[in-house]
Amino acid sequence: MTAGASPVVVSSCGLPLTVPAPPGRAVALEQNATEIMLTLGLADRMIGTSYQTDPVLPELRGDYDRVPVLAKLYPSREAVRAANPDFVYSTYSSAYAPDAAGERKELGGLGVPAYLSAFACEDQAIAKDEVTFDGIFAEVRDIATIFGVPAKGDQVVAGQQARLDAAKRTGTAAPDTSLLWYYSGTSTPYVAGHGGLPDTISSLLGATNAFTDAKQKWPAGNWEEIARRNPDVIVLADLTRGGDGDSAQSKIDFLRKNPVTAKLDAVVNGRFISVSGSSMDPSIRSVGALEQVSAGLHTLASSTR
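Numbers given to residues run from 1 along each chain, matching the order in which its sequence is written. Side-chain atom pairs in this predicted model are given and counted only at pLDDT of 80 or more, local residue features only at pLDDT of at least 70, and totals for whole chains, interfaces and linings cover all residues. Computation of side-chain values: all heavy atoms of the structure, hydrogens and water removed.

A short note on the side chain of serine 50
Under the DSSP-based scheme used, a helix requires at least four consecutive residues in state H or I and a strand at least two consecutive residues in state E, with every element numbered from the N terminus. Within the secondary structure, serine 50 sits in strand E4 (residues 46–50). What makes two residues a contact is simply this: any of their non-hydrogen atoms within 4.5 Å. Once residues lying within four places of it in the same chain are set aside, the contact partners of serine 50 are Ala28, Leu29, Glu30, Gln31, Ala71, Leu73, Tyr74 and Pro75.

Comments concerning the packing of helix H5 (residues 133–146) against helix H6 (residues 150–170)
Helix axes are fitted to C-alpha atoms over the stretch in contact, other axes to C-alpha atoms as well, and angles between N-to-C directions run from 0 to 180 degrees. Interaxial distance between H5 and H6 falls to 8 Å at its minimum, and their mutual angle equals 160°. With respect to each other, H5 and H6 are oriented roughly antiparallel. Crossing hand, H5 versus H6: right-handed. Of H6, the residues touching H5 (which contributes Phe133, Phe137, Val140, Arg141, Ala144 and Thr145) are Pro150, Gly153, Asp154, Val156, Val157, Gln160, Gln161 and Leu164. Basically, the charged four are Asp, Glu, Lys and Arg, the nonpolar ten are Ala, Val, Leu, Ile, Met, Phe, Trp, Tyr, Cys and Pro, and anything else, Gly included, counts as polar. Residue composition of the contact of H5 with H6, by class: 8 nonpolar, 4 polar and 2 charged. An angle below 35 degrees is treated as roughly parallel, one above 145 as roughly antiparallel, one from 65 to 115 as roughly perpendicular, and anything else as oblique. It is the rotation of the near helix from the far one that decides the hand of a crossing: anticlockwise by less than a right angle makes it left-handed, clockwise makes it right-handed.

Focus on helix H9 (residues 248–257)
Burial status follows relative accessibility: with a 1.4 Å probe on protein chains alone, a residue under 20% of its type maximum counts as buried, one over 50% as exposed, and anything between as partly exposed. For H9, the set of buried residues is Ala248, Lys251, Ile252 and Leu255. For H9, the angular spread of the buried residues around the axis is 100°, confining them to a single face. Taken together, the buried residues of H9 touch strand E8 (178–184), helix H8 (223–229), strand E11 (233–238), helix H10 (265–268) and strand E12 (272–276). Each C-beta atom gives one direction from the helix axis, and the arc is the one those directions make.

Here we look at the state of the cysteines
Only a pair of cysteine sulfur atoms within 2.5 Å counts as a disulfide in this structure description. By the definition in use, this model includes 1 disulfide. Each sulfur in the disulfide pair cysteine 13 and cysteine 121 lies 2.1 Å from the other. When the S-S torsion is -80°, as for the bridge of cysteine 13 with cysteine 121, the disulfide is left-handed. Of this pair, cysteine 13 sits in the loop between strand E1 (8–12) and strand E2 (15–19) while cysteine 121 sits in the loop between strand E7 (114–116) and H5, and the two are 108 residues apart along the sequence.

What about the pairing of E2?
Taking every second residue as pointing to the same face, the buried face of E2 carries Leu15, Leu17 and Val19, while none of Pro16 and Thr18 on the other face is buried. Connecting the antiparallel pair E1 and E2 is a turn made up of 2 residues, with cysteine 13 showing a positive phi of about 50°. Any two strands are treated as partners once DSSP identifies two or more bridges connecting them.

Some thoughts on the pattern of salt bridges
The salt bridge criterion pairs a side-chain nitrogen of Lys or Arg with a carboxyl oxygen of Asp or Glu, the two atoms within 4 Å. According to the stated counting rule, one finds 11 salt bridges in the structure shown. Across the pair glutamate 106 and arginine 81 runs a salt bridge whose closest N-O atoms are separated by 3.0 Å. In this pair, glutamate 106 is assigned in helix H4 (residues 104–109) and arginine 81 in helix H3 (residues 77–83), connecting sequence segments 25 residues apart. Arginine 81 sits in the partly exposed class, given a relative accessible area of 28%. Linked through salt bridges whose partners overlap, the residues forming this network are Asp213, Glu225, Arg228 and Arg229.

So, in structure tokens, the structure goes:
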């Protein structure tokens, strides 16, 4: 977009945003938003990032290191205002809480457009019910349009679509294969329910999410019910937070020691697939999650032939 171009108007979770010119002082409030912006080549338009949950993608590390980190977790309202941004972006509504960056309407009243992913709207009634790759790609295109680089957005989406198509061809599941997506927790396991990215990936690969009947995207489960469902494969979130049961290996160790889960078919036969934790949420990493699960299913199928 060149100087004098028309303002960009988009709707973000029910809030109309008017961006009068391509932003030059943008703040990304967490890692997924940051990595989408960096993938679009927008590091030189960023004056702040925050809430890094995983090591940044290697190909983005150099650009990431050029962006100031405003806070280890979410920056405060005061810190955001002190940075004097002309655009704020998050893929989580929690970033816009009063005790974090502040509400989007408040930022808008200060002349700062604040974008929020359609998968995480403050009002759940208008949030998208299901995470889809088309929805992720639409968000990438939104950000590219706002920053005046629509051709780069198209290029990024085309590359992601090609990878998605290739992964679907490589590793589809055997009929009736059930996948348990185990995110975190040992005393209370948090697993993937209906409508989230794991549910979508399972379907695209011809498998069934073991808890697709759960109404929440990430419900609290219990080991007795998991044992009753006895999933064929367990997909493990490899989290880097360092807590109990966060890493993929600590999850495997727990599942093998816990008497309720030690006899699960997937545990006995070592049918595990590890996926980075942040890639289980809608982001630029989501295609990578599908690739990892696709490759894992292909390897498991080959080992049983």
